[in-house]
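Given next are the chains, with one letter for each unit.
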Amino acid sequence: MRGRLITFEGGEGSGKSTHLAMLADNLEAKGHSLVRTREPGGTQLADRIRTLLLEESDCDHIIDAKAELFLMLASRAQHVREIILPALDAGQIVLCDRFTDASIAYQGEGRGLPKDTILEMSLFASQGIMPDLTFLLDIPIAEGLARVAHRGKSNRLDKEAFGFHEAVQRGYAALVRENPKRIFLIDGTQSKEQVASDIREGFDAFFS
């Protein structure tokens, strides 16, 4: 049986990485075979691209929106080929921190590139693979950025103007409206335990 791709999405500091790990621990304890991964990154080449995209450098200000998208898609193409597709073919559950929805929210709504084009290009890069289930953790932008500042480790996208993060949030909200059966909207302002419980319930309901 083919595996399932489950993605975690959300703005900066939303807690998606933490809750991906918590769900993974829960599923592994129940005997599920799974792979944990992230975007951009996940492979040696994709991790190098991640560095180009996210780490601050003297050339940050000249990264064109289209160049940013192409780098994201190059990372995704390699990631799918090396990690995601083999795991799905082996019947495993793949938990991925960001995927195509992030490109639509960040490079589409955030950067103003055509979202239909982004989706088409992403499907090409991912060999047609889309998530079976997505958890979108939603928190106020200011709270998310405060969490990022508190952990003392921010990247180039974290430091974008507030208006950029507002646009990304609008992009995610539109994706929820367009994909109500696939995307579970989770209130990320709740306690860590309640968020984890909501995610487990969403997983069980989707796969029951």
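Please refer to the structure higher up on the page.
Keep in mind the model is a prediction, meaning the values are calculated, not measured.

The rules behind each value
Residues numbered from 1 in each chain as written. Predicted model: local features only at pLDDT ≥ 70, side-chain atom pairs only at ≥ 80, totals over all residues. Heavy atoms only, no water. Core = buried A, V, L, I, M, F, W, Y, C linked by side-chain atoms within 4.5 Å. Buried < 20%, exposed > 50% of the residue type's maximum accessible area, 1.4 Å probe, protein only. Helix = DSSP H or I, 4+ residues; strand = E, 2+ residues; numbered from the N terminus. Contact = heavy atoms within 4.5 Å. Axes fitted to C-alpha atoms, helices over the stretch in contact; angles between N-to-C directions. Parallel < 35°, antiparallel > 145°, perpendicular 65-115°, else oblique. Left-handed = near helix turned anticlockwise from the far one by under 90°. Phe/Tyr/Trp six-rings, centres within 6.5 Å; stacked < 30°, edge-to-face > 60°. Lys NZ or Arg CZ within 6 Å of the ring centre and 35° of its normal. Polar contact = N/O pair within 3.5 Å; in protein donor to acceptor, adjacent residues only side chain to side chain. Pairing = 2+ DSSP bridges. Salt bridge = Lys/Arg side-chain N within 4 Å of Asp/Glu carboxyl O.

**Topic: the nonpolar core**
Consideration 1: Of all hydrophobic cores here, the largest spans 21 residues; its most connected members are Y106, V168 and Y172.
Consideration 2: Of all the secondary-structure elements, those providing two or more residues to this core are α2 (44-54), α3 (65-89), α4 (100-110), α5 (115-125) and α7 (162-178).
Consideration 3: Each residue touching Y106, except ones within four places of it in the same chain, is listed here: G10, G11, E12, R98, R111, L157, F164, V168 and Y172.
Consideration 4: By size, the runner-up hydrophobic cluster in this structure holds 16 residues, among which are F8, L23, L95 and F203.

**A few points about the packing of α2 against α3**
Consideration 1: Closest axis-to-axis distance for the α2/α3 pair is 8 Å, and the angle between their directions is 160°. With respect to α3, the element α2 is oriented roughly antiparallel. In this structure, the crossing between α2 and α3 has a hand that is left-handed. Residues L45, A46, I49 and L53 of α2 form the contact with α3, whose own contacting residues are E68, L71, M72, A74, S75 and Q78.

**A word on the packing of aromatic side chains**
Consideration 1: Scanning the entire structure with this criterion turns up 6 aromatic pairs.
Consideration 2: The interplanar angle of 50° and the centroid separation of 4.7 Å between the aromatic rings of F203 and F207 together place this pair among those described as tilted. On the criterion of helical spacing, the pair formed by F203 and F207 is a turn pair, its members being 4 residues apart in helix α8 (residues 192-207).
Consideration 3: Judged by relative accessible area, F207 falls into the partly exposed class, the value being 28%.
Consideration 4: Linked through ring pairs, F8, F135 and F184 together constitute an aromatic cluster.
Consideration 5: Directly above the ring of F99 sits R76, whose terminal nitrogen or CZ lies 5.1 Å from the centroid.

**Thoughts on the side chain of Q107**
Consideration 1: Here Q107 shows up in helix α4.
Consideration 2: Judged by relative accessible area, which is 1%, Q107 ranks as buried.
Consideration 3: Within the structure, the side chain of Q107 is placed 2.8 Å from the side chain of E68, a separation counted as a polar contact.
Consideration 4: When near neighbours in sequence (up to four residues on either side) are disregarded, Q107 contacts E68, L69, M72, A102, G112, L113 and I118.

**A word on the sheet that holds strand β3 (residues 93-97)**
Consideration 1: Spatially, the 5 strands line up as an open sheet ordered β2-β3-β1-β4-β5, and their pairing is parallel. The open sheet terminates on both sides in strands that have one partner only, identified here as β2 (34-38) and β5 (183-187). Each neighbouring strand pair of the sheet contributes to a mean axis angle of 20°, computed without reference to strand direction.
Consideration 2: Alignment of strand β1 (residues 4-10) against strand β4 (residues 133-138), held across 5 bridges, turns out to be parallel.

**Some thoughts on unusual backbone geometry**
Consideration 1: Cis geometry marks the peptide bond from E39 to P40; its omega dihedral reads -15°.
Consideration 2: The phi dihedral of R98 falls on the positive side, at around 80°, and the residue is not glycine.
Consideration 3: Looking at where R98 falls in the secondary structure, it is placed in the loop between β3 and α4.
Consideration 4: Residue R98 is classed as buried on the basis of its relative accessible area, which comes to 11%.

**Examining the pattern of salt bridges**
Consideration 1: Here the structure, examined in full by the defined rule, presents 12 salt bridges.
Consideration 2: For K16, the salt bridge goes to D97, with nearest N and O atoms at 2.7 Å. Of this pair, K16 sits in helix α1 (residues 16-29) while D97 sits in strand β3, placing them 81 residues apart in sequence.
Consideration 3: By relative accessible area, K16 is classed as buried at 10%.

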